[in-house]
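Chain and residue survey
So you can see what is in the structure, the chains are spelled out below.
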Amino acid sequence: MTSVKHVRLGDVAQFLRGINFKPDDIVPVGTEGTVVCLRTKNIQKSLDCDDIWAVSEDFVRRPEQILKEGDLLVSSANSWNLVGKCCWIPNLSWRTTFGGFVSVLRANPTQIEPRFLYWWFSADRTQALLRSFGQQTTNISNLNIERCLNLDIPLFPRAEQSRIAAILDVADALRAKHREALAQLDRLTQAIFIEMFGELMGQNHRWQSKPVSHFVAGFESGKSVAADDKDDVTSSFRVLKVSAVTSLEYKPHESKAAPANYVPAKSYFVRDGDLLFSRANTTDLIGATAYVKHTPPNMLLSDKLWRFVWHEIPRAEPLFVAQLFRQRKFRAEIARRASGTSGSMKNISQDKVLSINVGLPSLDLQQTFANRLRCIEQIKAAYKKSLSQHDTLFVVLQQRAFSGKL
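Residues numbered from 1 in each chain as written. Predicted model: local features only at pLDDT ≥ 70, side-chain atom pairs only at ≥ 80, totals over all residues. Heavy atoms only, no water.

**Some points on the sheet that holds strand β4 (residues 53-56)**
Rule in force here: When DSSP finds at least two bridges between two strands, those strands are taken to pair. Only DSSP runs of H or I reaching four residues or more are called helices, and only runs of E reaching two or more are called strands; each is numbered from the N terminus. Only C-alpha atoms enter the line fits that serve as axes; for helices the fit covers just the stretch in contact. Angles between N-to-C directions range over 0 to 180 degrees.
Taken together, the 3 strands give an open sheet; going across it, the order is β4-β3-β8, and neighbouring strands pair in mixed fashion. Lying at the two open borders of the sheet, with one neighbouring strand each, are β4 and β8 (96-98). Neighbour-to-neighbour, the strand axes of the sheet open up by a mean angle of 45°, direction not taken into account. As defined by bridge partners, strand β3 (residues 34-38) adjoins β4 across 4 bridges and the pair is classed as antiparallel. Note on β4: the bridge partner recorded for V36 is A54.

**A word on the nonpolar core**
Buried together is how nonpolar side chains tend to be arranged in soluble globular proteins. Just so we agree on the cut-off: We call a set of buried Ala, Val, Leu, Ile, Met, Phe, Trp, Tyr and Cys residues a nonpolar core when their side-chain atoms join them within 4.5 Å. Whether a residue is buried, partly exposed or exposed follows from its accessible area with a 1.4 Å probe, protein chains only, as a fraction of its type maximum: under 20%, in between, or over 50%, in that order. Contacts are assigned to residue pairs with any non-hydrogen atoms lying within 4.5 Å of each other.
Formed by 38 residues in total, the largest nonpolar core has its most connected members in F215, F320, L324, F325 and F330. With sequence-adjacent residues up to four places away left out, F215 is seen in contact with W310, H311, R315, A316, V321, L324, V358 and L360. Membership of the second largest hydrophobic core comes to 37 residues, among which are V7, C86, L168 and L397.

**Some points on the sheet that holds strand β19 (residues 289-291)**
Strands pair in a sheet through their backbones, by hydrogen bonds, and they do so in one of two ways: parallel or antiparallel. Spatial ordering of the open sheet is given by β14-β21-β17-β19, a layout of 4 strands whose pairing is antiparallel. At either margin of the open sheet sits one strand with a lone partner, and together these are β14 (218-221) and β19. The mean angle between the axes of side-by-side strands here comes to 35°, regardless of whether they run parallel or antiparallel. When strand β17 (residues 275-278) meets strand β21 (residues 305-309), the two strands line up antiparallel, connected through 3 bridges. From the neighbouring strand, L276 faces β21, where its bridge partner is R307.

**Topic: the environment of V7**
If you trace the backbone, V7 turns up in strand β1 (residues 5-8). A relative accessible area of 13% means that V7 is categorised as buried. Expressed as a C-alpha distance, the spacing of V7 and G30, which sit 23 residues apart in the sequence, is 42 Å. Residues in contact with V7, not counting those within four places in the same chain, are V12, L151, D152, I153 and L155.

**Notes on the state of the cysteines**
Applicable threshold: The term disulfide is used for any two cysteine sulfur atoms that are within 2.5 Å.
Following the criterion strictly, the structure yields 0 disulfides and no others. We note that C86 lacks a disulfide partner, and the nearest cysteine sulfur, in C87, lies 7.1 Å from it.

**Points about the packing of helix α2 (residues 114-122) against helix α9 (residues 363-402)**
Rules: Take the far helix as your reference; a near helix turned counterclockwise from it by less than a right angle gives a left-handed crossing, and one turned clockwise gives a right-handed crossing. Residues are grouped as follows: Ala, Val, Leu, Ile, Met, Phe, Trp, Tyr, Cys and Pro are nonpolar; Asp, Glu, Lys and Arg are charged; every other residue, Gly included, is polar.
Where α2 contacts α9, the two axes come as close as 11 Å, and the packing angle between them is 115°. α9 is crossed by α2, and the crossing has left-handed handedness. Of the residues in α9, those in contact with F116, W119 and W120 of α2 are F394, Q398 and F402. Among the residues forming the contact of α2 with α9, the class breakdown is 5 nonpolar, 1 polar and no charged.

So, in structure tokens, the structure goes:
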């Protein structure tokens, strides 16, 4: 067991605040005299550069506002569950700064190994502390940087820091391989769908066009109720949040407690085999669907989640419909028909969904696709189980590492 010395975070690293700019200041990336500007949206498990902005070089007033390899990009103003989230800055090929809703945690390389700092700062325990420091303003939580700098961080000899960081890097790489395998299986599902059916929106398909109402009889919804304590584990029933389906996988833990005396209607209960649809969300997320393979018996629909209701004589296979509703052009049509101002919560009516025209393959072909999908799901289940085990192992490794027991 290695002896553990603790120091203030502020003794080995510094926080740098982002630059403030207005929407009118944003210019296309690559414009002469500009610098790339990262923001909260770019903070994922790793740095996401798919959607980046640029601003004039004039906004960069100090050299330290330019990012460098080993910096941690930290979300400093976000919803409560995301404030403090961070990602590692790799060696970037362009000059890059950061916006006003993010901060940078920069290690003093003479005091601490940057990769060690990253694993400590991103650990679940540290992240929970950061969220507890959040200063709430409306629905946005702001990171309390002064309290963060006063956090105690274990400081091992430099060689031990490097060893710990290397072990955690290897363990995390194993998790990443499992996540990539799952992503590949999702891509395989989409490839099989396109190979079998092609593009089903528009007129350029070989199938007979039908409105969604031809194979979906309608939708059922629930009611949005919540206990005073939304996390009350003693509540008999739980109401699903829209986040239970936005990942396109059913997540019953994304739910809130119902009031203790609440007696739900029978139709509000989520059932095995349901296909759920988010009828209200942002433009990017409205229309998300999730198939319910298994569910706890106390889960209830909210008013923002619909259950598909099928015709008495089935005309469609639910797993086929789920994949159809996930197609890019179909999701775009849902977003186009939805009402609500830009950037706010969008809503869509049943009539607008049911009147969308699509190419409809035969039920036999749909069932063939569903059978192939079930085979893929069995493989995915094995990978998910293994990933869960690796995630548990990783948490144990982190706990042992930062307590000097690794």
